[in-house]
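# Structural features, examined
The residues making up each chain are set out below.
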Amino acid sequence: MNRLLQRMQTWAESRLPALTRYRRPESLPIELHRRRIYIVPTGFGMGFSVLLLVMMVGALNYTNNAALLLTCLLGAASATSMLVAFRSLDGLRLTHVRAGHAVAGEPIELTLVLESQRRRNAIRVDLGQDSIAFAIDTNGIAQIALALPTLRRGWQPLPRLRLWSSWPLGLFRAWSWLHPEQSILVWPRPETAGPPPHAAADDARHMRLHRGDELAALRDYRAGDPQRHIAWKASARHINLLVKDFEQPQSRPQWQLDWRQLRGLDNEARIARLARWLGEAQAQRRNYSLWLPDNQIASGSGLLHYAHCMNALAQLP
Amino acid sequence: MMTLPSRKALAELPIDTRAFDLLSLTMAFVLGLHAAHLPWWLSIALALTLGWRWWQRRQRTGRVPRWLKLPLLVLLTLAVITHYGNIFGREPGAALAVGLLILKLLETESARDVRVGISFACFTLMTALLFDQGLIATVIVALGLLPALATLRALEPAQTSATLQRSLLPGLGLLAAALPLALLGFLLVPRLSSPLWGAPAPRDARTGLSDNMSPGDFTDLLVDDHPAMRVSFEGTPPPPDQRYFRAYVMWDYDGSRWKYVDIVNRTPVELQASRTVVGYQISMEPTHQYVLPMLDVPLDAPASTVLRQDRVVMADKPVNDPLAYAGRSAIQYRLQPELGIRARQRGLYLPTGFNPRTLALGQSWRQRYGVDDAAIVQAALSLFHDGGFSYTLSPAPLGRDAMDDFLFDTHEGFCEQYSSAFTVLMRAAGIPARVVTGYQGGYWNTLGNYLLVRYSDAHAWSEVWLSGRGWVRVDPTGAVRPQRVSLGAAAAADGQLPWYENGWLQSMRNHWDIVNRWWGQGVTGFDALRQRGLLTPFGIRDADTTTLGTLLAIGSMLFIAIGLGWALLRRQARDPLRAALRELERKLARKGIVRRPSEGPQHYLSRAARALPEQRGELALLMTCYLELRYAHDEPPPESLRDFQRAVRDFRAVRVVK
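Residues numbered from 1 in each chain as written. Chains lettered and ligands numbered in written order. Predicted model: local features only at pLDDT ≥ 70, side-chain atom pairs only at ≥ 80, totals over all residues.

## Structural notes on the overall build of chain B
The criterion, for reference: Elements are defined by DSSP. Helices are runs of H or I of four residues or more, strands are runs of E of two residues or more, and each kind is numbered from the N terminus. Note that the radius of gyration is over C-alpha atoms, with the globule rule given as 2.2 Å times the number of residues to the power 0.38. Every C-beta atom is placed from the backbone, and the number of other C-beta atoms within 10 Å of a residue's own sets its class: buried at 20 or more, exposed at 12 or fewer, partly exposed in between.
Looking only at helices and strands, chain B features 25 helices and 22 strands. Its C-alpha atoms give chain B a radius of gyration of 37 Å, clearly above 26 Å, the size a compact globule of 658 residues would have. Projected onto its principal axes, the C-alpha positions of chain B cover 125 × 85 × 50 Å. The proportion of buried residues among the 658 residues of chain B is 36%.

If you want it as structure tokens, here you go:
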């Protein structure tokens, strides 16, 4: 039954886009305006209107004009709340969508950046089963973190997001689709176990354990820094968040990771192995280079380099 | 920002403390409104339940267990039934509703519960208006919507403001914005000309005058200072001692009680009126009785009423709602100049075996004055005036021969005792006489040009039939206490009334009454008939349901359009620097130097400087200033910005004539 409904919905959305409020992906920034905000009464709103009707009939029957006036006042306030609901979405702008990094199968962190000139309350974003509520102050920016499940490596289009609000009274729900034309890159999932890269054995004498966790310095937080690197105690005395910068000792010989070394495996297995090697190299703070059929990445180290390599792997056909 | 489960599960989550506090506040408000007419023990029990639940929820979230809830529910129902006898009707219904509302709080835990509770609270708020629909009561009830709306707001997740005042105020704004639409709805929602189901006439404690009278009945009425009716006159109002409003004419006396007997289908007795006829409109508070008090003797009956034989006006149905009617009355008249035998007998009848001394006194007067009826009347009035009688609202109780006790023993009383004793005396002396009850006096509201008559202005007097003059009004109370007739009930009672009916407070209440009158006429008295006449100024004589519905729809559209205009209004973020540059551009454009769309400020101002060589220096300076303000900072520093704005304002473009 559920699947049938879903199929009907898909069919309706492809054939009757105007009726189903379906929106094609569009480029950022997306600004909500009257032509794309829809308002429907909530279940409570329907119940409340029945109550208003009962109150009105009662007041009319008992010719109690004060009660009728009260009912009219309540009804008019409810109707006005519809406009307030509309206004809480109108003019809201989605300016950026930032994606974190995640391997296939794990949820990826999305950050939506929304801007508003007005103060807004109780706006919610739905993504699948996830729902996030947020408020924005005057001339404020809200950054909303969402987790998007991933399945396969490679470019994955952003799904439709629903932005809605039942502010102020919960009688009406104003909603709108957001479908940013943006894709996010999902990294390949590394294989769980396998042989180390060729020529790794030569470096056995260098296998001194370097944890590389000597604290070198504190620097300002940048979006994307892992939370566990934040120096909370030091941050408490500063305006900004501070992040521990770790020393990265260069004590290991570099790995030359090469697509061509992995003969006899199919493409995905090759990619998974390379991904595991990249992860190990990164964890051991080695220098490493990567050779791919259409992309050769020179030797390097660090998170950026790792990301570069993983991106290249992810984009392989 | 907060993560939430899906929409369905959200309604089931426990609510936060603030929403619960606001809900408790709403319910406390409703309980407070109803406390006046609930039995006191029920009010206290419910208040304690509410307070306990509030305290308990602060300690620990969770519903109250069922074994506690169910017995409370049964207990409430039983309490209502034992106190009122049933659960239907206004009072028991309201008591039950308030009780259920408070019990709802016991099981309130999720957002859905709160929404149900608030809806029910709104309904219960409205039922409070069934008891009192005065202006103040209505405003207070409307204020009860504030915590209700605030509770609904508090249910929404992620909000910027948090304090209690800040959560109540937006509701006020919403109500204020909704008021025009609400008034439109109020004016145009078609009224029912007859109720859909039987609206039970609530038996009010306040019934006004009764159709029978025994001395001492009025004591409750005379301290009730609620408005009974408001009268506005066409032309000058009659002088204070002429403001007698007749309600009941009572012929029948059984020794203790005077009674009005309603005889239908008789033609009214003859009335020979002088040329001065007073026209007036009366708006009357509900009495649940048929009688309509009219000034002195009415010439004819108002619409949908009947004039009885004694020119008493009876409505077709009991006055359960505020009623407005117009009348024409004679102040100087001869009423029933010819009295038939039957009527004469009726006007002389006295029950045997009662009040022997009074009868003897009356008969002795007849012997002394012979046929001079007027002299007998005068003798009775002199007796009251000089016989040591006093006016008091709390007279000594009277025995079986009430008039004997009063006339020869206690010597104290108010209008009922005097009119009753006088009438008995007259009948004993052989003069046809009867008791008339109604209102006398009232407060003249200069501001509103109307007469406010309160229940405390209720009065009883006598009419005697004198040959050649017909029925003549004699007010024996006036002989004892002339102030009662000339100044009104409050002046006559002098110190015997409750504190709030004396002095400046009473005078303030009298002045304030104009607002009540306006409210009564404009709002509570706005019935189906008035609604039909609403559109007369616009050329629609009789606005029927369809017309009203159409107008309501059109008007609502109009208001919604205005509201939409507001909703769609987007204020551009004001950029003062840009505005200042625009002003400069306008000034330069007047001299023919128009900025091209493709032109940047630097290029444009340089071009302007070339075109206006006289002001090259000034323009160059303005340009530097602008560029610095715009591009050297994120936010231009306020003082430099002000300098720039002033420089632009002072700039005068002067074109050199070539």
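## Observations concerning the sheet that holds strand β6 (residues 258-259) of chain B
All names here are of chain B. The condition is simple: Note on pairing: two strands pair once DSSP finds at least 2 bridges between them.
With antiparallel pairing, the three strands of this open sheet are ordered in space as β2-β6-β5. At either margin of the open sheet sits one strand with a lone partner, and together these are β2 (212-213) and β5 (252-253). With two bridges joining them, β5 and β6 adopt antiparallel strand pairing. Residue pairing across strands places D252 opposite K259, the latter belonging to β6.

## Considerations on the interface of chain B and chain A
Selection criterion: By the convention adopted here, residues make contact when the C-beta atoms placed from their backbones lie within 7 Å.
Taken together, the contact between chain B and chain A spans 57 residues of the former and 51 residues of the latter. When contributions to the side of chain B that touches chain A are tallied by element, the ones reaching two or more residues are β1 (2-4), α6 (111-127), α7 (135-143), α8 (145-154), α9 (164-188), α19 (503-524) and α21 (545-568) of chain B. It is α9 of chain B that provides the largest number of residues to the side of chain B that touches chain A, a total of ten residues.

## Points about the environment of G592 of chain B
All names here are of chain B. On the secondary structure map, G592 appears in the loop between α22 (576-590) and α23 (601-611). Taking the number of C-beta atoms within 10 Å as the measure of exposure, G592 has 9 and is therefore exposed. Distance from G592 to A611, taken between C-alpha atoms, is 9.5 Å for residues 19 residues apart in sequence.

## Re the domain arrangement of chain B
Put simply, the rule is: Residue ranges for the domains trace back to a domain assignment, done automatically or taken from a database.
Domain annotation of chain B identifies domain 1 (7-155), domain 2 (212-508) and domain 3 (575-650). Of note, the centres of domain 1 of chain B and domain 2 of chain B, computed from C-alpha atoms alone, are 48 Å apart.

## Focus: the confidence of the model for chain B
Going by this rule: Note: pLDDT gives the predictor's confidence per residue, expressed from 0 to 100.
Per-residue pLDDT for chain B has a mean of 84; in total, 92% of the residues score no lower than 70. Between the elements of chain B, mean pLDDT differs from a low of 58, seen in β1 of chain B, to a high of 93, seen in α6 of chain B.

## Remarks on the sheet that holds strand β1 (residues 30-31) of chain A
Through backbone hydrogen bonds, the strands of a sheet pair up, either in parallel or in antiparallel fashion. Residues and elements named next belong to chain A. Reading across the sheet, the four strands line up as β1-β3-β4-β7 and stay open at both edges, with antiparallel pairing between neighbours. Lying at the two open borders of the sheet, with one neighbouring strand each, are β1 and β7 (140-148). Sheet topology note: the strand β3 (residues 93-99)/strand β4 (residues 108-116) ladder contains six bridges and is antiparallel. Across the sheet, residue H96 finds its bridge partner in β4, namely V113.

## Topic: the pairing of strand β16 (residues 295-300) of chain A
Note that strand β15 (residues 288-292) of chain A and β16 of chain A share four bridges and pair antiparallel. Bridging across to β16 of chain A, Y288 of chain A finds its partner in G300 of chain A.

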